[in-house]
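Spelled out, the chains give:
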Number of protein chains: 2
Amino acid sequence: MPSYSAPLRDQRFVLNDVLNVQQYGNLPSFADAPADIVDAVLEEGGKFCENVLYPLNKVGDREGCTLKDGVVTTPTGFDDAYTQMTEAGWTALSAPTEYGGQGLPHYLNLAFSEILSASNMAFGMYPGLTGGAAQALLVGGSDEQKDLYLPKMFSGEWSGTMNLTEPHCGTDLGMLRTKAVPQADGSYKITGQKIWISAGEHELSGNIVHLVLARIEGAPEGVKGISLFVVPKYLPTEAGEPGERNTLQCGGLEEKMGIHGNATCVMNYDDATGWLVGEENKGLKIMFVMMNEARLGVGLQGLSLAETAYQYSLAFAKDRIQGRSLTGPKNPDGPADPIIVHPDVRRMLMNQKVFVEGARAFTYWTGLQADLEHKAADDATREKAGDYMALLTPIVKAYLTDKGYESVSTGLQIHGGSGFTQEWGVEQTLRDARITLIYEGTNGIQALDLVGRKLAMAGMRPINTFMAELDEFIAENEGNADLKLYVDGLRDAKAKLQQGTNWLVEKGLENFDNAGAASTDYLHLFGLTCFAYMWAMMAKSAAAKVAEGDTDPIYASKLVTAKFFVEWWLPDADAHLARIQNGAETMMTLHAEAF
Amino acid sequence: MPSYSAPLRDQRFVLNDVLNVQQYGNLPSFADAPADIVDAVLEEGGKFCENVLYPLNKVGDREGCTLKDGVVTTPTGFDDAYTQMTEAGWTALSAPTEYGGQGLPHYLNLAFSEILSASNMAFGMYPGLTGGAAQALLVGGSDEQKDLYLPKMFSGEWSGTMNLTEPHCGTDLGMLRTKAVPQADGSYKITGQKIWISAGEHELSGNIVHLVLARIEGAPEGVKGISLFVVPKYLPTEAGEPGERNTLQCGGLEEKMGIHGNATCVMNYDDATGWLVGEENKGLKIMFVMMNEARLGVGLQGLSLAETAYQYSLAFAKDRIQGRSLTGPKNPDGPADPIIVHPDVRRMLMNQKVFVEGARAFTYWTGLQADLEHKAADDATREKAGDYMALLTPIVKAYLTDKGYESVSTGLQIHGGSGFTQEWGVEQTLRDARITLIYEGTNGIQALDLVGRKLAMAGMRPINTFMAELDEFIAENEGNADLKLYVDGLRDAKAKLQQGTNWLVEKGLENFDNAGAASTDYLHLFGLTCFAYMWAMMAKSAAAKVAEGDTDPIYASKLVTAKFFVEWWLPDADAHLARIQNGAETMMTLHAEAF
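Counting of residues starts from 1 at the beginning of each chain's written sequence and follows it residue by residue. The naming scheme follows written order: chains are lettered A onward, ligands numbered 1 onward. With pLDDT at 70 or above as the cut-off, local features in this predicted model cover only qualifying residues; side-chain atom pairs require 80 or more to be listed or tallied, and sums for whole chains, interfaces and linings still use all residues. Where side-chain values are given, they derive from all heavy atoms of the structure, hydrogens and water being excluded.

J.: Account for the interface of chain A and chain B, naming residues and giving values.
T.: Every contact between the two is made by 90 residues of chain A and, on the other side, 90 residues of chain B. When two parts are brought into contact, each loses some accessible area as probed by a 1.4 Å sphere; the total of that loss over both is the buried area. Contact with chain B buries area across many residues of chain A, yet F420(A), W568(A) and F595(A) alone supply 12% of it, more than any other trio. Salt bridges, as used here, are contacts in which a Lys or Arg side-chain nitrogen is within 4 Å of a carboxyl oxygen on Asp or Glu. On inspection of chain A and its partner chain B, the count reaches four salt bridges. Across the pair D572(B) and R579(A) runs a salt bridge, and its minimum N-O distance is 3.4 Å. What qualifies as a polar contact is a pair of N or O atoms within 3.5 Å, subject to a donor-acceptor requirement within protein and to the restriction that residues adjacent in sequence count only when both atoms come from side chains. Scanning the region where chain A abuts chain B turns up 49 residue pairs in polar contact (both at pLDDT 80 or more). Split into classes, the residues belonging to the side of chain A that touches chain B amount to 39 nonpolar, 28 polar and 23 charged. Pairs of residues are marked as contacts when any of their non-hydrogen atoms sit within 4.5 Å. The residue classification treats Ala, Val, Leu, Ile, Met, Phe, Trp, Tyr, Cys and Pro as nonpolar and Asp, Glu, Lys and Arg as charged. All others, Gly included, are polar.

J.: Summarise the environment of L104(A); cite the residues concerned and give the values.
T.: All names here are of chain A. Each helix corresponds to a stretch of at least 4 residues labelled H or I by DSSP, and each strand to a stretch of at least 2 residues labelled E; elements are numbered beginning at the N terminus. Counting through the fold element by element, L104 comes out in the loop between helix 4 (78-87) and helix 5 (106-140). Counting along the chain gives 76 residues from L104 to P28, while the straight-line C-alpha distance between them is 9.0 Å. Other than its neighbours up to four places away in sequence, L104 contacts S29, D32, A33, V41, L93 and S94.

J.: Go over the confidence of the model for chain A, please, and point to the residues and values.
T.: Along the chain, pLDDT gives the predictor's confidence residue by residue, from 0 to 100. Chain-level statistics for chain A give a pLDDT mean of 97 and a share of 100% at 70 or above. Model confidence for the complex is summarised by a pTM of 0.98, with the ipTM given as 0.98.

J.: Requested: an account of the packing of aromatic side chains, with residues and values cited.
T.: Note on aromatic pairs: the rings of Phe, Tyr and Trp (six-membered ring only in Trp) are paired at centre separations within 6.5 Å, and the planes decide the class, stacked below 30 degrees, edge-to-face beyond 60, tilted for the rest. Under the definition given, this model contains 52 aromatic pairs over all chains. For the pair F30(B) and Y107(B), a centre-to-centre distance of 5.9 Å together with 35° between the ring planes defines the contact as tilted. Placement of the pair is F30(B) in the loop between helix 1 (8-18) and helix 2 (35-53) and Y107(B) in helix 5 (residues 106-140), with a sequence separation of 77 residues. Buried residues are those whose accessible area, probed at 1.4 Å on protein chains only, stays under 20% of the maximum for their type, while exposed residues exceed 50% and partly exposed ones sit between those limits. Taking the relative accessible area as the measure of exposure, F30(B) reaches 3% and is therefore buried. Ring centres 5.5 Å apart and planes at 40° place the aromatic pair F466(B) and F526(B) in the tilted group. With F466(B) in helix 12 (residues 457-477) and F526(B) in helix 14 (residues 512-547), this pair connects stretches of sequence that are 60 residues apart. This pair shows no difference in class: F466(B) is buried, exactly as F526(B) is. Whether a charge sits over a ring comes down to the Lys NZ or Arg CZ being within 6 Å of the ring centre and within 35 degrees of the ring normal. Above the plane of the ring of Y234(A) lies R245(A), whose end atom (NZ or CZ) is 5.6 Å from the centre. For R434(B), the ring lying beneath its charged end belongs to Y405(B), and the centroid distance is 5.3 Å.

J.: Explain the relation of the copies chain A and chain B to me, using residue names and the numbers behind them.
T.: For the pair chain A and chain B, the relating rotation is 180°, the translation along its axis is 0.0 Å, and the fit reaches an RMSD of 0.0 Å. The two molecules are tied by a two-fold rotation axis, judged by turn and shift. Mapped onto chain B, 100% of the interface residues of chain A again fall at the interface, so both copies present the same surface. For this overlay, a least-squares fit was computed on C-alpha atoms, restricted to residues scoring pLDDT of at least 70 in both copies.

J.: Talk me through the environment of R177(B); I want residue IDs and the actual numbers.
T.: All names here are of chain B. Within the fold, R177 resides in the loop between strand 3 (158-163) and strand 4 (179-182). Sequence separation between R177 and E166 is eleven residues; the distance between their C-alpha atoms is 8.0 Å. Here the side chain of R177 touches H168 through a polar contact of 3.4 Å, side chain to side chain.

J.: Report on the pattern of salt bridges, specifying residues and quantitative values.
T.: Residue and element names in this part refer to chain A. Per the stated rule, a full pass over the model turns up 72 salt bridges over all chains. For D552, the salt bridge goes to R9, with nearest N and O atoms at 2.9 Å. With D552 in the loop between helix 14 (512-547) and helix 15 (553-569) and R9 in helix 1 (residues 8-18), this residue pair connects regions lying 543 residues apart in the sequence. Of the charged contacts, one joins E44 and K47 as a salt bridge, the two residues approaching to 3.5 Å between their closest N and O atoms.

J.: Describe in detail a nonpolar patch on the surface, supporting the description with residues and values.
T.: What goes into a patch is any residue over 30% in relative accessible area without a salt bridge, connected to like charges within 9 Å or, for nonpolar side chains (Val, Leu, Ile, Met, Phe, Trp, Tyr), within 5 Å. Surface accessibility follows the Shrake-Rupley procedure with a 1.4 Å probe radius. Residue values consider only the protein chains on display as shielding. On the surface, a cluster of nonpolar side chains totalling about 420 Å² of accessible area is made up of L326(A), L448(B), V505(B), L509(B) and F512(B). Along the chain, V505(B) falls in helix 13 (residues 484-510). Residue classification places V505(B) among the partly exposed positions, given a relative accessible area of 33%.

J.: Can you tell me about the pairing of strand 5 (residues 188-198) of chain A, naming the residues and giving the values?
T.: Residue and element names in this part refer to chain A. Two strands pair when backbone bridges link them, and strand 4 (residues 179-182) and strand 5 are joined in this way by four bridges, in the antiparallel orientation. Across the sheet, the residue bridging to A180 is I190, located in strand 5. A strand pair is defined by DSSP finding two or more bridges across the two strands. Hairpin geometry of strand 4 and strand 5 is characterised by an intervening segment of five residues between the two adjacent antiparallel strands and by a positive phi of about 95° at G186. Strand direction decides the pairing type here: strand 5 and strand 11 (residues 264-277), joined by eight bridges, are antiparallel. Paired with I197 across the strands is C265, a residue of strand 11.

J.: Tell me about the side chain of S198(B), and please be specific about residues and values.
T.: All names here are of chain B. Among the structural elements, S198 can be located in strand 5 (residues 188-198). S198 gets classed as buried once you look at its relative accessible area, which sits at 12%. With near-sequence residues (within four places) excluded, S198 lies in contact with M125, L129, T161, N262, A263 and T264.

J.: I'd love a proper account of the packing of helix 1 of chain B against helix 15 (residues 553-569) of chain B, names of residues and values included.
T.: Residue and element names in this part refer to chain B. Angles run from 0 to 180 degrees between N-to-C directions of axes, and those axes are lines fitted to C-alpha atoms, restricted for helices to the stretch in contact. The contact between helix 1 and helix 15 brings their axes to 12 Å, and the two run at 80°. One finds that helix 1 runs roughly perpendicular with respect to helix 15. Touching R9, D10, F13 and D17 of helix 1 are I554, Y555 and K558, all from helix 15. By the definition adopted for this analysis, an angle is roughly parallel if under 35 degrees, roughly antiparallel if over 145, roughly perpendicular if from 65 to 115, and oblique otherwise.

J.: So what's going on with the nonpolar core? Which residues, and what values?
T.: Within soluble globular proteins, side chains that are nonpolar generally end up buried alongside one another. To define a nonpolar core, start from buried Ala, Val, Leu, Ile, Met, Phe, Trp, Tyr and Cys residues and group those joined through side-chain atoms within 4.5 Å. Ranked by internal contacts, the top residues of the largest apolar core, which has 411 residues, are F526(A) and F526(B). Apart from the residues within four sequence positions on either side, F526(A) is in contact with L391(A), L392(A), I395(A), L450(A), I463(A), F466(A) and L497(A).

J.: Would you mind going over the state of the cysteines in detail, with residue names and values included?
T.: Residue and element names in this part refer to chain A. Note on disulfides: each one is a pair of cysteine sulfur atoms within 2.5 Å. The tally for this structure, following the rule as stated, stands at zero disulfides over all chains. C49 takes part in no disulfide bond, and the closest cysteine sulfur, belonging to C65, lies 19 Å away. The structure places no disulfide on C169, whose sulfur is separated from the nearest cysteine sulfur, that of C265, by 18 Å. Looking at C169, the relative accessible area reads 0%, which means it is buried.

J.: Which residues make up helix 5 of chain B, and what are the values?
T.: Residues and elements named next belong to chain B. Helix length check: helix 5 (35 residues) gives 19 Å between terminal C-alpha atoms against 51 Å at 1.5 Å per residue, more than 12% under. Fitting one axis to the seven residues ending at a residue and another to the seven starting there, the bend at that residue is the angle between the two axes. The sharpest bend along helix 5 measures roughly 130° and falls at N120. Counting buried positions along helix 5 yields 29 of 35 residues, so the element is predominantly enclosed. Given the number of residues in a helix, its expected span is that number minus one, multiplied by 1.5 Å.

Spelled out as structure tokens, the structure:
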């Protein structure tokens, strides 16, 4: 039967051997996370997720949420688990100490979040959304708002949501209609309908802090007239406690393919009381802070669910006996061999392994940039980290969910017929994973963000800096014979990414449709190149350990997996480049009626 | 809201323009299907599926099947639809006239089956399994068995199943334990448990004819000791009517990811009465007749569900307005443009279009071989058609379901958030489609069948014949400037397939693991080459019509879609070849514990 264990050994490999996070021990917040603390946090976090949240994963899927008289009931056990989680302080790991948080580095929260989503994604979204909403208030809220909301949100006593989508607009927020009417006391009356609001209504927390995009009466049309409001379920009293019920309610729950344990709500605001966050008509900018945070979180979910599926399929492949190895029995005393002896099963397992380990390195490496952006001592490091965050966010979100979903599907396939049955769990993982390609901006929107915005920003400084970092790594390591395979692979991928970038700069400006046509393949080529860098770095760390005589099998195994990556994944780079260079002409030829 | 229409225009394009099925009008069975009959059958079949079966598709998914006291109840409306279907004769289209069938060509039944599965796959499996079981009896049964069972099965009065899998063995049938004990009257007592039996129990038909693999007491171990039995739910009376209840029953229904409308049963046989079909210990050979039939049917399901999803996403993309075209408003009077103007949405739609139209040509072309194998006048054509059926069956099954599933997922993605909700239907299509990669032999097993069995058969005659046909097509058409792009694409893909084949012959024999390691990429390269051939043939037919001055927009549209295929799909050929040539070494290195 399926089970999940926190992948602590591999997490430590990335944090200690590859990223060497302790090198930043003199920086604020890093200083509070020496190696033994990091270990202890992950070990305790792992136990909590394995023992409390994972057993509720299937329960959440089967029971789902129910709505009655405006009250949403979450699946059995979620309430108790939420209390345990907040009491243990897991929601406040990397929150600022001035608002009651523990002030630990972002990367550590990211590593914990990986385990959280892997053990129970639908549950993890309740605190996850709260974290994003708190981040937006931290950036855009007034001191009064921050003092009122943040301590309760970081502690988990109150939760949070983000309200963007309306029935007629999701991607195109410029069309939104929810309106805000200014009141004499400085508050606003908010009226409108929002849909697909994750964690929009439930009884887990004492209050729900809705962040709502709306248009103030008389504001300009389009995206230039959108403001952000904080609209709590219960209006805070003078003492900051939940008071009168606000005039908003959940009007329905979405019936979905997966993440049944999370309440996806239609939210109706009917002259609800709200307060402006930041400036009038500048709401989108603050919401994008939250959105970027959330996009990294969704990319991480791509990894999390792929890890769960990998654990499932690996256990199945070792246990299930069926057929004989093509090169003679490997389990001669049994009636058949375990299916892990079959090359095609190994092909699938190795692909899963390449993905989860590569994605772990990539997300943690990116998460480290989030720390350095704010905490590094020098301006240059901060600027570089900020550039990387901007550039890489769409890639983390879309590449890791596209490939993560594929990886979960591979895991299901290894199960054969069992994979299609609810009993074995992996079909739930697949259904849950499918949303990650869609929410927080579809993967197509991520690709457009990359080619249309991130590539050109600051005179192409972020991509040029990134390319230079790759060149530097290649130059430093190309003399090392042990690393030749990996460095050659990286050099080759990077060259193709450069060609693709050059093509985009030239042809995308000539005709914007060329940029749109190339966007998804460009994003994939970029993601593949990031993986090539991660696998080269991991191979370097592992090779050094092997050279030192370290016999921990993880190191030898990393070198084999890195080789598989080069041999089996990098051949796709050519195809991506060819498609990038096709341009938009053929796909734009047909009239809509000719399809 | 989602809807489905039978794709009659494109079906006619393939049958009339590309395959020119009327050229065989002098052959038996073809003679009964002049163009007007073919048209009428498809038109009526389309109406039946659109109006009767499609409305039950969602019902079937939501209600599923229930088991109480051994009785399985199918979803509301299935019973009535089944009666309508059998009364109209749809189950007997291509069944032999001597058993009450209509004797029409196989390709026509295939075209109808496409519509059947597209409108309601879970429903279509009830008659589908019956067809496969009848085919096995037709090939392996005694005259008495055929006279007793076939007329009732072809009419749909009785239905059929295939019972292979047991809890401990699916792929590896050599391990099966269900036993058969000979009785004095020539019958056998069958005892054992079978699982995952589609349509195993229900009340739609008057009797259920189970074909069961079992081992006669004292039979050799492994696959050489497996016999096939016919084990009806009700023992036929002297008059051939359902009599006494046999001692078999449904012990449980599988809870699955999709195809909820079909009853997937645990079947318990407890000294049930059965009769040997064919010879003792030769059961697998007959079952493989059924299995091959079923595999083509599963490949067809890959097309069917992709077509449904394509219709859904195309309608959504024309209707949903969101954002503006990158090259200026295309719907200036509305608040936004329909999303079909965005290149990345078009990329997805064109990919869907390439798949469904390519898959339709490929399955119909293969289905035509099934007719020619039995009905062609000359030995050479029959032999070639039989070779093609053997060679291409694993490719039709696995390539069309791998790519078909991907295509459905693309369709879901176009829907954005709506795609994840049950309301829009496409998430059901995705859940239903996921089984096609698994049942009737996982796609990995298909790949092994291709490289381990089909490639080498008859001294490689089938693949050599196929390659020669491609060469001939290329030679005939390379002088035609209008076709240059498509013929060049085919030549290139074929050259890579030849390289991959040569590598397999050399390295696969050296080490069987090399063949296993390469198998899936080889199958995909083969499928891609088949698509290149189909698209070149379609382009040729379309170009000829355009040259004649035919202004039906389908012809101009085919040429654009064929171009998109060459530009966007063929670049994958190189990556497949590179992976084929990697060999098994890297993936076989790690010990099971090192994963």
